[in-house]
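Geometric and topological summary
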Amino acid sequence: MSFLKRLKPGEKLRGRRSFSPARIIVVSFFLVICTGALLLKLPFATHTGYIAWEDAFFTATSATCVTGLVVKDTYQYFTLFGQLVIITLIQIGGLGLVTIVAFINFAIGKRLGLRNMQLASETTGTGEVFSAKRQIVTIVKTALLFEVSGIVLLGFYFVPRFGAEGIYISIFLGISMFCNAGFDILSRGSTPFMSLTEYANQPYPLIIIALLIICGGLGFVVWHDIAQWRRTKRLMLHTKIVLITTGLLLVGGTVGVYLMEFTNPVTLGSQPVGVQWLSAFFQAVSARTAGANSIDCAAMNDITKLFMSMLMFMGASPGSTGGGIKTTTVAVIVLTVISVVRGKEDTVIFGRRIDKQTVYKSLTIFVLSFVVLLAAAMAIYYNTGPAIDEIDSLFEASSAFGTVGLTIGATTSMNLIAKLATMLTMYIGRCGPVALAASLTLRGSKNHKHEILPEGRIMVG
């Protein structure tokens, strides 16, 4: 008998509130982080045979939350085993443990109960219980398609350069960049934390990596909708908003970084014009939650750091491997502001009215996220040495919340409090502030939808 028949007509899904979908998803990330930290703590995970507990947890959190902030150089400090643990955490964090477990169950022919299907639908972000299986299969297939394609294309560049080891480099980068993680194993010289700065004048690897980041940041629902376009000849409103907002942010980000840095001799100023635009484009893409950098972020002008902090805060799109408040949230808030300025009561786009619940949720996400960002920035500012200024603190906090991984180099100077604050910020950024708050709620609120309350008036503005 199928799971559709296990419930009688009108029967509600029952179970403890402590095992709500939001709570299970949040807890699953925490368990993966703990497991990863224990594995990284093993003597053969590092070249020195030892890593402090806070550094093991920091690395595991950054990998699971697909961020890329590091306190130890991935290639120079961790052994092959340690690197494999990190890339596994990135893959699990990018797709979600619940998604992977559900896919394995589907693959072996095991049926999921209605409650597990509800959890799966919460993970995919569709909210449609009975399409969860299709969505999860689509997510895994899409991830594999882009990751394998990226690995092959990167192999054409890194295999001739590094020989057989180039295959491993391509695999690591292909998974890391599609998952918008920002981890790399390219620091093969004496200087750690090099990221992609040695490849700033190499268009091929930068463009391939940028495309992987963009593809991972659009969201699996968007790619599924695009794949269906030939049959349906139309795109969902969600897809249109994501594509337009992403395009505007990429173009605006590229132009903004270029105009703010083209006179800076330490970043773009000393480069040919073509390399300047390539680096500006790559940084605009990477700031959308990827974390790889082709220029030294610490050497950027303060105004550029503020601008990139804004990009990192906005982040990628819903249902993707990236973080931030998401492109659709930004779009809804901007459109709501425009509607209010024009004297309209509803938020409208493409002739469609956005329901009030979506508007309220977008505003809630923005406010909660902004509070988390400010709290993290202050914690980093007062607990990082040598002296770090306010702009750099905000940059690091934005990078952590947006699960980006770009840094001005402050992570190696953080004390325990700053590291804990950064870890918590990465965790909140990956799970989402609303989901985390919902998971911590002990009791669900009663439904007051039909309750009529007296109207109250206050003055605003």
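Quick caveat, the model's predicted, so the values are computed rather than measured.

1. Here's the deal with the nonpolar core
- Counting 64 residues, the largest nonpolar core has I86, I90, F158, F178, F183 and L196 as the members making the most contacts within it.
- Among the elements of the structure, α1 (21-40), α2 (53-64), α4 (80-95), α7 (132-162), α8 (165-178), α9 (203-218), α13 (273-286) and α18 (416-431) are those that each provide at least two residues to this core.
- Counting residues in hydrophobic clusters, the runner-up holds 34 residues, among them A280, M308, M312 and I388.

2. Description of the environment of G96
- Looking at the element boundaries, G96 is found in the loop between α4 and α5 (97-107).
- Placed 225 residues apart in sequence, G96 and T321 show a C-alpha to C-alpha distance of 8.9 Å.

3. Considerations on unusual backbone geometry
- We note that F193 has phi near 55 degrees; this positive angle belongs to a residue other than glycine.
- In this fold, F193 is placed in the loop between α8 and α9.
- A relative accessible area of 40% places F193 in the partly exposed class.
- Phi at K326 takes a positive value of approximately 85 degrees, unusual for a residue other than glycine.
- In this structure, K326 sits in the loop between α14 (302-314) and α15 (327-341).

4. Structural notes on the packing of helix α16 (residues 356-382) against helix α17 (residues 390-401)
- Close contact between α16 and α17 brings their axes to 8 Å; oriented N to C, the two are set at 130 degrees. It follows from the interaxial angle that α16 and α17 lie oblique. Both α16 and α17 take part in a crossing whose hand is right-handed. Contacts between α16 and α17 involve S369, V372, L373, A376, A377, I380 and Y381 on the former and, on the latter, E390, S393, L394, E396, A397, S398 and F401.
- Looking at the contact of α16 with α17 residue by residue, the classes come out as nine nonpolar, three polar and two charged.

5. Overview of the packing of α8 against α9
- Running from N to C, α8 and α9 point in directions that differ by 40 degrees, and their axes come no closer than 7 Å. Classified by the angle between their axes, α8 and α9 sit oblique to one another. Across the interface between the two elements, G174, M177 and F178 of α8 pack against I209, L212, I213, C215 and G216 of α9.
- Across the contact of α8 with α9, the residue classes tally to six nonpolar, two polar and no charged.

What counts as what
Residues numbered from 1 in each chain as written. Predicted model: local features only at pLDDT ≥ 70, side-chain atom pairs only at ≥ 80, totals over all residues. Heavy atoms only, no water. Core = buried A, V, L, I, M, F, W, Y, C linked by side-chain atoms within 4.5 Å. Buried < 20%, exposed > 50% of the residue type's maximum accessible area, 1.4 Å probe, protein only. Helix = DSSP H or I, 4+ residues; strand = E, 2+ residues; numbered from the N terminus. Axes fitted to C-alpha atoms, helices over the stretch in contact; angles between N-to-C directions. Parallel < 35°, antiparallel > 145°, perpendicular 65-115°, else oblique. Left-handed = near helix turned anticlockwise from the far one by under 90°. Contact = heavy atoms within 4.5 Å. Nonpolar A, V, L, I, M, F, W, Y, C, P; charged D, E, K, R; others polar.

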